[in-house]
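One-letter residues, chain by chain:
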Amino acid sequence: MNSNKASEERLDEIRREAADKTLPFGQGQGPATPPRQIRGREGYYGLPVVKAPVWTWEVPLYFFVGGIAGVSAVMAFAAQMFGRDPALTRAALWVAMFGAAICPLLLIADLGRPARFLNMLRVAKIQSPMSVGAWTLVAFSGCVFVALAANELILRGYGNPITIGISWAGEFTGALTGLVLAAYTGVLIGATANPVWSHNRRALPPHFLAGGVGGAAGTLELLGFLIPATQYLGFAAALAETLLGVHFELSRLPLNRPLHHGKSAWTFRIAGVLAGPGALLLRLLWDSAAGRRTAAVCFLTGSLLIRYAWIWAGVASAKDPGALFEAQRKARSSSL
Amino acid sequence: MSVSAFLTDATLCIGCKACEVACKEWNEVPADGMVWSGLSYDNTQSLGASTWRHVMFLEQPQTAGPQLANTKDPFRWVFLSDVCKHCANAGCLEACPTGAIMRTDVESVLVQKDVCNGCGYCVVACPFGVIDRRPDDGRAFKCTFCYDRQKAGLIPACAKACPTQSIQFGEIGELQERAKTRVHELRERGYHDARLYDPQETSVGGVHAFFVILGEPENYNLPPAPEAPSAYMKSAWASALISAAIVFAIVWLAFVL
């Protein structure tokens, strides 16, 4: 091991120096005064146990855009199948395509090494929601692009069994992958070691999906589709947001503290009121084009803020080791 | 190759931080700032992207443990060198979407820095708060278990530099036995709160770095019941599937009605 000789000698030197010079008891050193003692089952000076998420503004925005794009594709398919509404199908496909184009940009911008974004497609791992999401986004973009291209050809007079078949296949697969795209983000943050996220892992996917439904309906309303379908969907999403908001407000466990105290909590509450009761009441009481547009804007704002609030709640949760310890002790004693 | 492990013994640690220094030097880990924390002599505070060994300093109102001379109050000063646990079911490895984090032939968990694209998902997947993203570099880093040294037949730098054998490196079965014997011995000598921290009963499924500690794991910021995110996968995906089906039905209904 000749090549390593110098470095091995250096490690020996570190050990000798430590043994000779820095034995605290040998040197008669005491702890820094005054002692800050750790008692009972307190954590380590209140320092965090888990790391806070490092994601920046792009990620919650991606959750928002991905949800709208995903559910738009579902609406495009349903409109084609039942509504026989070619204009809505076309607009919804364009919304989905636009979203599918923005999403990768947001995800790449958030990477620590953006130039290596293609490494996301180096492997496919079903056990990693991030990998499932990356592949879903690729599949979704492809399906929606195919559906949109075939649809545009049909509208320009190239309607034949081949283009019609392709547009149906694209819309169907776009709807399926769109649902995954709108729902998986809840799993992405729910199935982690972050205390508040993992505690709410069952409520997160429906919460994010509701945002996608109301967001897609609202976007199409703002594009001029003030039809009954978008009204129903906007109503259903606002109702779901209201129920989930009540659920989160009433779950007073210590792990949910970031949803009840601090910046994340107030963002969460204000956003929840906008997307939930706010949008709901606007739709019920102000039945006009302006009312529906206002309800759409109200929901979109709330739903966007909710995603930021979830990320900030994760950051706050990582800084609360007490809640983590309490929950884990409870889990351990109940499993024994 | 055999399965490697670390046994880190708080009852032997003298808080010299030779492991921190040796780790930084061998692995060429960059400096990551220095603050006077006021928390005993712990100015490192936690493991992170550029801290792969972290010596904790616990000041406790106890009698059994390393005592200070010239003090009548019950007071003990315990040290422990924390490190990546190299979990049997590693959250970071499962979460990594690029395959940058891999299991080596000594069953340690290694980040391949030429593959990592800095997505940050491993950071929220670790139940021990070990791995983190280096802000200036952009990639995620953690203890490599000195895999390069192990491949060359050498022991990890921290274990080599430890002057008191508080950090022991070896084959996992042998070290687990040694740890049990040590805890038994300590208890017989009056250290009644001596225990082994080796979470095997949770979804983490055992670790390749276990600890002999005095007192509660919480006092060392060691989670009492760490769960790998894989434990949450089934319920989260089930919820996603059910709610997606409901959304599909509602969207159809909206166009049928």
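Scroll up to find the structure.
On a predicted model such as this, the values are computed, not experimentally measured, just so you know.

Draft legend 1. Spatial organisation of the pattern of salt bridges. All names here are of chain A. In this structure the tally under the stated criterion is 26 salt bridges over all chains. Where E221 meets R292, a salt bridge forms, and the shortest distance between an N and an O atom there is 2.9 Å. With E221 in helix α7 (residues 204-222) and R292 in helix α10 (residues 289-318), this residue pair connects regions lying 71 residues apart in the sequence. Judged by its relative accessible area of 0%, E221 falls in the buried class. Given the relative accessible area of 8%, R292 is considered buried. Across the pair D320 and R257 runs a salt bridge, and its minimum N-O distance is 2.9 Å. Of the two residues, D320 sits in the loop between α10 and α11 (321-335) while R257 sits in the loop between α8 (228-250) and α9 (262-285), which places them 63 residues apart along the sequence.

Draft legend 2. Structural view of the side chain of N119 of chain A. As for its position among the elements, N119 of chain A is in the loop between α3 (86-110) and α4 (129-158). Take N119 of chain A: its relative accessible area is 18%, and that puts it in the buried class. Once you skip the residues sitting within four places of it in the chain, N119 of chain A turns out to touch P97, T98, D114, V115 and N117 of chain B.

Draft legend 3. View of the environment of P48 of chain A. One can find P48 of chain A in the loop between α1 (5-21) and α2 (58-83). A sequence separation of 142 residues divides P48 of chain A from G190 of chain A, and the C-alpha atoms of the two residues are 19 Å apart. With sequence-adjacent residues up to four places away left out, P48 of chain A is seen in contact with A318, K319 and P321 of chain A together with N221 of chain B.

Draft legend 4. Here's a closer look at the interface of chain A and chain B. Contacts between the two partners involve 93 residues from chain A and, on the opposite side, 97 residues from chain B. Summed over both partners, the interface of chain A with chain B comes to about 8,200 Å²; 65% of that surface belongs to carbon and sulfur atoms. In this structure, the connection of chain A to chain B is made through 6 salt bridges. Between K160 of chain B and E8 of chain A there is a salt bridge; the shortest N-O distance is 3.3 Å. Counting residues per element, the side of chain A that touches chain B draws most heavily on α1 of chain A, which supplies 9 residues.

Draft legend 5. Structural context of α7 of chain A. All names here are of chain A. In this model α7 runs 27 Å from its N-terminal to its C-terminal C-alpha over 19 residues, within 8% of the 27 Å that 1.5 Å per residue would give. Within α7, 16 of the 19 residues are buried, which leaves it mostly tucked inside the rest of the structure. Downstream of α7 by one or two residues, G224 has phi in the positive range, about 110°.

Draft legend 6. Region of the structure containing the nonpolar core. By size, the foremost hydrophobic cluster in this structure holds 90 residues, and its most contacted members are W55 and W310 of chain A. Discounting residues that sit within four places of it in the chain, W310 of chain A has contacts with I189, V196, W197, N200, L204, H207, F208, F248, L259 and F268 of chain A. Ranked by size, the runner-up nonpolar core spans 71 residues in total, among them C13, L39, L93 and A228 of chain B.

Draft legend 7. Local environment of the layout of surface pockets. Residues and elements named next belong to chain A. What the largest pocket holds in volume is close to 520 Å³. Of all the elements in the fold, those that place two or more residues in the lining of the largest pocket are α6 (195-199) and α11. The leading source of residues in the lining of the largest pocket is α11, at 8 residues. Among the residues making up the lining of the largest pocket, the classes are represented as 13 nonpolar, 4 polar and 5 charged.

Draft legend 8. Spotlight on the environment of G205 of chain B. All names here are of chain B. Looking at where G205 falls in the secondary structure, it is placed in the loop between β9 (194-197) and β10 (209-214). G205 sits in the partly exposed class, given a relative accessible area of 41%. Once residues lying within four places of it in the same chain are set aside, the contact partners of G205 are A88, P199 and Q200.

Draft legend 9. Summary view of the sheet that holds strand β8 (residues 167-171) of chain B. Residues and elements named next belong to chain B. Read from one edge of the open sheet, 4 strands run β8-β1-β10-β9, paired in mixed fashion. Of all strands in the sheet, those bounded by a partner on one side alone are β8 and β9. Between one strand axis and the next, the sheet turns by 20° as a mean value, whatever way the strands run. Note that strand β1 (residues 4-9) and β8 share 5 bridges and pair antiparallel. Across the sheet, the residue bridging to L7 is Q168, located in β8. Along the sheet, helix α6 (residues 172-188) contacts β1, β8, β9 and β10; its crossing angle with β8, the most-contacted strand, is approximately 135°.

Conventions and cut-offs
- Residues numbered from 1 in each chain as written.
- Chains lettered and ligands numbered in written order.
- Predicted model: local features only at pLDDT ≥ 70, side-chain atom pairs only at ≥ 80, totals over all residues.
- Heavy atoms only, no water.
- Salt bridge = Lys/Arg side-chain N within 4 Å of Asp/Glu carboxyl O.
- Helix = DSSP H or I, 4+ residues; strand = E, 2+ residues; numbered from the N terminus.
- Buried < 20%, exposed > 50% of the residue type's maximum accessible area, 1.4 Å probe, protein only.
- Contact = heavy atoms within 4.5 Å.
- Buried area = accessible area lost by both parts, 1.4 Å probe.
- Expected span 1.5 Å × (residues − 1).
- Core = buried A, V, L, I, M, F, W, Y, C linked by side-chain atoms within 4.5 Å.
- 1 Å grid on protein atoms, 1.4 Å probe; cavity = no way out; pocket = protein on both sides within 12 Å on 5 of 7 lines; lining within 4 Å.
- Points joined across faces, edges and corners; volume = space filled by probe spheres on them.
- Nonpolar A, V, L, I, M, F, W, Y, C, P; charged D, E, K, R; others polar.
- Pairing = 2+ DSSP bridges.
- Axes fitted to C-alpha atoms, helices over the stretch in contact; angles between N-to-C directions.

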